[in-house]
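Topology and contacts: notes
The lines below spell out each chain.
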Amino acid sequence: MSHADPDASSSSSASFGRDWFFPSPSPYCVHPSSSAASAAKTPKYPRRFSTNPRSYSSSFSLDSKPPPKPPPHSFRSAPPVSSAPYREARYAGARRRLGGPALRPETSPAGGERKAASSRDGGAGWGAGSDRKPEAPAERVPSRGKGIGDLRGRLRLRLRWRMAFLVAIALTAFSSVVHKNFSLRSQVEDLQGQISQLRITLQACSLLDLADVEGSIDDQNQDGPNKRLKNIALISSLSVLCLPILLLKCIDKVPRSRSSDGILEEVSLSKQLAYRLDVSFSVHPYAKPLALLVATLLLICLGGLALFGVTDDGIADCLWLSWTYVASAGNHADSEGIGPRFVSVSISFGGMLIFAMMLGLVSDAISEKFDSLRKGRSEVVEQNHTLVLGWSDKLGSLLNQLALANESLGGGTIVVMAERDKEEMELDIAKMEFDFKGTSVICRSGSPLILADLKKVSVSKARAIVVLAVDGNADQSDARALRTVLSLTGVKEGLRGHIVVELSDLDNEILVKLVGGDLVETVVAHDVIGRLMIQCARQPGLAQIWEDILGFENCEFYIKRWPQLDGVQFEDVLISFPDAIPCGIKVASCGGKIILNPDDSYVLQEGDEVLVIAEDDDTYAPAALPMVKEASFTHIPLPARKPQKILLCGWRRDIDDMIVVLDASLAPESELWMFNEVPEKEREKKLIDGGLDINRLANIKLENREGNAVIRRHLESLPLETFDSILILADESVEDSAIQADSRSLATLLLIRDIQAKRLPYSVAPSRRGNFSQGSWMGEMQQASDKSVIISEILDPRTKNLLSMSKISDYVLSNELVSMALAMVAEDRQINDVLEELFAEEGNEMHIRPADLYLREGEELSFYELLLRARLRREIIIGYRLANAEKAVINPPAKDERQTWSVKDVFVVIAEKE
């Protein structure tokens, strides 16, 4: 059986499809010569397969000849049967080409050929002699969709490359036009050169200088290479300008694989480059100025090459002109010609853009610098300065004391770093209205827990570092202080000075010293104030003495070595300083241990230093021993201690330590009443948690009362007229606010004094009534103050004016005293050992002694003689207060002058604890 022609088969099937749609003679059947019209009028309806078996007999063999050409006739007279085969046979090949690969014959596994029966628009047919059934249309839909998707993808890719190719062709055409323009210009110039050459020849014939003619000819001969070089320069500049455009168009088509957790992702090269550029600008601070510099140089070079191509100037002159166009947009006004003007305007536009970016960078840099200065981010370049870390209510007093300490040096530098805004800190310091006496106070914002911020304030070069306790919870404050000490010990450069840490709880002192080692000196604020209040309750007037000694405004402690005193006994050292009072010795043989109130027989050795109380470190020096007359004196023993009744109003977290100190200092069978709002059941638990065993108290008996200290009826339930001393504490519930705590303490004081005045019998001649009348309420309160001592804890320095004017109570200015202690330890860390011994339960402490222990009424003695008499009792007199004076005099001048004393006078001494 002969194989049928595929074209014939296709034409037959197509003809059968049309006959199925159009049973009547088709109007599209035309004369064979009219092939174009026939192809244009091919119906666009979808081809369908017919179930009529007659359709299979319409195919014809390859050997069959085409039917004879019919005679010319009209459309309607054409026979319908003979025209369809001819038309389909003629255009079957065209339809196969338009249908694509789906119309090509496929080869079966057996080696035979099978006919393609599908096309893109859905038409199909079977070849002649084939017994293969047609495939269902539903089975051809997926393959058709996949083919369409692939075709669309290829079409997009081809379209993109065609666009890129068209852009390249356009740029090439533009370059060729420009080249042609300049070539025409070159031809014009060549013609002009020939004309000039002819003129030169004519002039030569007219007996012109031959040398000038030859020079002109040489210049004309050189114009050829220069013109080619100019054209190359112009084309190069244009190519470099167009190259980035092509790269930006094509760079998105280049994929790059990126591995993320084992998963490969395709990221376009443009995104990768944009990311790297962003990282470079973010990480490197000089990336933006460097990029701007490169862009400026590139613009100058490309502009110079373009100018070199369109003008007659040299390359150096063109580069200089390009720079002038970049620097100033108005310099291109003198350009002549279309080419030079176009290039110069382009360079000017680029210059304006570059200078706009440069202005933005400079403006951002200046704004960032001013913002850094305003917020305190700049580095402090100082040496031997005092560094204060943190911010609290004690800062003002601390700055004032440090300024007083630096006054003898002509001023110093204090750097304050806290987690606050620099402007706010400077404003708050300005509101304090202190006279810093030449000392500069520099504020910086930062955290003491960050090493970078510590480096910013030159922590390694500071001579002293003061860490202030944060207002608030004591445990949190001490924890922050501990972390700050850890940060300070982690400074790589090391620390030149020592660290003074203010702590709120005595129990945390061991941990801080363990972390800081020998670099750390601690001042426990609550412990110092508690012990000081106990001493002041037992000895009225001692608070003022401590305020004078701890501050730098009057006299304070100093330690210095005097080689001329080596081999001298301490008894002679006492009277060797006319402007100071020796108090102890720093023994070199004992590792620098300070001994307060040593024996008279102690002889100073080489390396020993003398501890004195003086006005300043440069105001005293040893002198020759004065002639002191030893006066005979009969020793009078101290009176025996009597039991006391003391009231504590308020609750503090270190009240257990205060109870221990009171038990060690009071006489047996003393009573301690505690009046606060803490329930009685919780008090015992808190005292036990603080380490106090109530059963081991030897000298005092505890009495608990619950109530509010600012409610009168609660206070009236207490026997206020029977107490020897009353201590009003800054309650733990309000100690975070200095003003609120002082208001509460002041209200409690006034209520207690008023209740006492009404219960005590009226006295006609009170001892300290001041200027108030006898019948006034203030006079009655002053009378009550003669019967009992009240010590109030004050946090705000402004509150002390109210108490000092009324004279109805002594006060302990806790924040200011702690600031003074911190300033003294910051100036000289050895003073911390002296303060710790003076506040400890054992050893030496300050006392106020009556004058009858040392002299008789009306006796005339010098201060040196009183010093020697006090040595008989193993005491050191450091000052006195006369009977008619309100303040004590510490380290009196003119110690060798005699004066008359009264037994009503009192002396301030350093003696062993009783």
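Not measured: the values here are computed from a predicted model. (Residues numbered from 1 in each chain as written. Predicted model: local features only at pLDDT ≥ 70, side-chain atom pairs only at ≥ 80, totals over all residues. Heavy atoms only, no water.)

Things to note about helix 15 (residues 525-538)
A rise of 1.5 Å per residue sets the reference length of helix 15, with its 14 residues, at 20 Å; its end C-alpha atoms lie 20 Å apart and thus fit the reference within 8%. In terms of burial, helix 15 is largely enclosed, as 14 of its 14 residues are buried. (Helix = DSSP H or I, 4+ residues; strand = E, 2+ residues; numbered from the N terminus. Expected span 1.5 Å × (residues − 1). Buried < 20%, exposed > 50% of the residue type's maximum accessible area, 1.4 Å probe, protein only.)

A look at the pairing of strand 5 (residues 386-389)
Neither face of strand 5 is left uncovered, since the one carrying Thr386 and Val388 and the one carrying Leu387 and Leu389 both have all their residues buried. Pairing geometry for strand 5 and strand 6 (residues 413-418), over 4 bridges, is parallel. What sits directly across from Thr386, in strand 6, is Ile414. Judged from the 4 bridges that link them, strand 5 and strand 8 (residues 464-467) form a sheet pairing that is parallel. (Pairing = 2+ DSSP bridges.)

Examining the environment of Glu379
Looking at where Glu379 falls in the secondary structure, it is placed in the loop between helix 9 (338-374) and strand 5. Residues Glu379 and Leu454 lie 75 residues apart in sequence; the distance between their C-alpha atoms is 9.8 Å. Sequence-distant contacts of Glu379, defined by excluding residues within four places in its chain, comprise Arg444, Lys455 and Lys456. (Contact = heavy atoms within 4.5 Å.)

So, the nonpolar core
With 120 residues, the main nonpolar core has Phe557, Met846, Ile878 and Phe907 as its most contacted residues. Top element by residues in this core is helix 24 (residues 814-827). It accounts for 9 residues. Apart from the residues within four sequence positions on either side, Met846 is in contact with Gln539, Leu542, Ile545, Trp546, Ile549, Phe557, Leu838, Ile878, Val909 and Ile910. Leu389, Met417, Ile499 and Val512 belong to the second-largest nonpolar core, a separate cluster that totals 23 residues. (Core = buried A, V, L, I, M, F, W, Y, C linked by side-chain atoms within 4.5 Å.)

Focus: the pairing of strand 19 (residues 789-794)
Two faces, one strand: in a regular strand the side chains alternate between the faces of the sheet. Buried residues dominate strand 19, accounting for 6 of its 6 residues. On strand 19, burial covers both faces: Val789, Ile791 and Glu793 on one face and Ile790, Ser792 and Ile794 on the other are all buried. Looking at chain direction, strand 18 (residues 725-728) and strand 19 are connected through 4 bridges and run parallel. In the strand pairing of strand 19, Ile726 is matched with Ile790. In terms of strand pairing, strand 19 meets strand 20 (residues 810-813) through 4 bridges, oriented parallel. Looking at strand 20, one finds that Ile794 is bridged to Leu813.

Observations regarding the packing of helix 7 (residues 287-310) against helix 8 (residues 315-327)
Contact pair helix 7 / helix 8: the axes reach a minimum separation of 8 Å and the direction vectors enclose 125 degrees. With respect to each other, helix 7 and helix 8 are oriented oblique. Read as a crossing pair, helix 7 and helix 8 show a hand that is right-handed. Along its contact with helix 7, which presents Leu299, Ile300, Cys301, Gly303, Gly304, Leu305, Leu307 and Phe308, the element helix 8 presents Ile315, Cys318, Leu319, Leu321, Ser322, Trp323, Tyr325 and Val326. Across the contact of helix 7 with helix 8, the residue classes tally to 13 nonpolar, 3 polar and no charged. (Axes fitted to C-alpha atoms, helices over the stretch in contact; angles between N-to-C directions. Parallel < 35°, antiparallel > 145°, perpendicular 65-115°, else oblique. Left-handed = near helix turned anticlockwise from the far one by under 90°. Nonpolar A, V, L, I, M, F, W, Y, C, P; charged D, E, K, R; others polar.)

So, the side chain of Glu816
Counting through the fold element by element, Glu816 comes out in helix 24. What Glu816 contacts, discounting residues up to four positions off in sequence, is Ser397, Pro797 and Lys800.

Comments concerning the sheet that holds strand 5
Sheet architecture is open: 6 strands sit in the order 7-6-5-8-9-10, paired in parallel fashion. Either end of the sheet is taken by a strand with one partner, and the two such strands are strand 7 (440-445) and strand 10 (520-524). Strand-to-strand twist across the sheet, computed as the mean angle between neighbouring axes with direction ignored, equals 20 degrees. Against the sheet, helix 15 touches strand 9 (498-503) and strand 10, its axis set at about 50 degrees to strand 10. In the packing of helix 24 onto the sheet, the strands contacted are strand 8, strand 9 and strand 10, and the crossing angle to strand 9 comes to about 165 degrees.

Side note on the pattern of salt bridges
Within this structure, the stated rule accounts for 32 salt bridges. When the shortest N-O distance is used, the salt bridge between Lys456 and Asp453 registers 3.9 Å. Of this pair, Lys456 and Asp453 both sit in helix 12 (residues 451-456), separated by 3 residues, roughly a single helical turn. Just as Lys456 is buried, Asp453 falls in that class too. Put simply, Glu793 and Arg652 hold a salt bridge, and the shortest N to O gap is 2.9 Å. Linking Glu793 in strand 19 with Arg652 in the loop between strand 15 (645-649) and helix 18 (655-665), this pair joins segments that are 141 residues apart in sequence. Ionic contacts of the salt-bridge type, sharing partners, join the residues Arg712, Glu716, Asp754 and Lys758 into one network. (Salt bridge = Lys/Arg side-chain N within 4 Å of Asp/Glu carboxyl O.)

With respect to unusual backbone geometry
Even without a glycine there, the phi angle at Asn384 is positive, about 55 degrees. Located in the positive-phi region is Asn597, a residue other than glycine, with phi close to 50 degrees. Relative to the elements of secondary structure, Asn597 occurs in the loop between strand 13 (593-596) and strand 14 (609-614).

Some remarks on the sheet that holds strand 26 (residues 906-912)
The antiparallel open sheet is built from 4 strands, whose spatial order is 21-26-23-24. Looking at strand neighbours, the two that pair on one side only are strand 21 (844-850) and strand 24 (889-890), the edges of this open sheet. Relative to strand 24, strand 23 (residues 876-881) runs antiparallel, the two being bridged by 2 bridges. Within strand 24, the position partnered with Tyr880 by the bridge is Val889. Docked against the sheet, helix 26 (residues 863-871) engages strand 23 and strand 26, running at close to 125 degrees with respect to strand 23.

A word on helix 10 (residues 395-405)
With 11 of its 11 residues buried, helix 10 lies for the most part within the structure. Where helix 10 is concerned, the buried positions are Leu395, Gly396, Ser397, Leu398, Leu399, Asn400, Gln401, Leu402, Ala403, Leu404 and Ala405. Close packing links the buried residues of helix 10 with strand 5, strand 6, helix 11 (422-431), strand 7, strand 8 and helix 24.

Digging into the packing of aromatic side chains
Enumeration according to the criterion identifies 11 aromatic pairs in this entry. When the centroid spacing of 5.6 Å and the interplanar angle of 80 degrees are considered together, the rings of Trp673 and Phe723 count as edge-to-face. Here Phe723 lies in the loop between helix 20 (712-716) and strand 18 and Trp673 lies in strand 16 (residues 670-676), a separation of 50 residues in the sequence. Phe723 matches Trp673 in its accessibility class, with the two residues each being buried. (Phe/Tyr/Trp six-rings, centres within 6.5 Å; stacked < 30°, edge-to-face > 60°.)

Concerning a nonpolar patch on the surface
Nonpolar side chains collect at one region of the surface, where Trp320, Trp323, Phe355, Met358, Val362, Ile366 and Phe370 lie side by side and expose about 710 Å² of accessible area between them. Looking at the nonpolar patch, the elements with two or more residues in it are helix 8 and helix 9. Sort the elements by how many residues they give to the nonpolar patch and helix 9 lands first, with 5 residues. Following the sequence through the fold, Trp320 ends up in helix 8. (Patch = residues over 30% accessible without salt bridge, like charges linked within 9 Å, V, L, I, M, F, W, Y side chains within 5 Å. Areas by Shrake-Rupley, 256 points an atom, 1.4 Å probe, with all protein chains shown as cover.)

Regarding the confidence of the model for the protein
The predicted coordinates of low-pLDDT regions are not to be read in fine detail. Chain-level statistics for the protein give a pLDDT mean of 75 and a share of 73% at 70 or above. Taken together, the stretch residues 207-211 has pLDDT below 50 and engages in 1 contact with residues farther than four places along the chain or on a different chain. Contacts for the low-pLDDT stretch residues 763-775, under 50 throughout, to residues beyond four places or in other chains number 25 contacts. (pLDDT = per-residue confidence, 0-100.)

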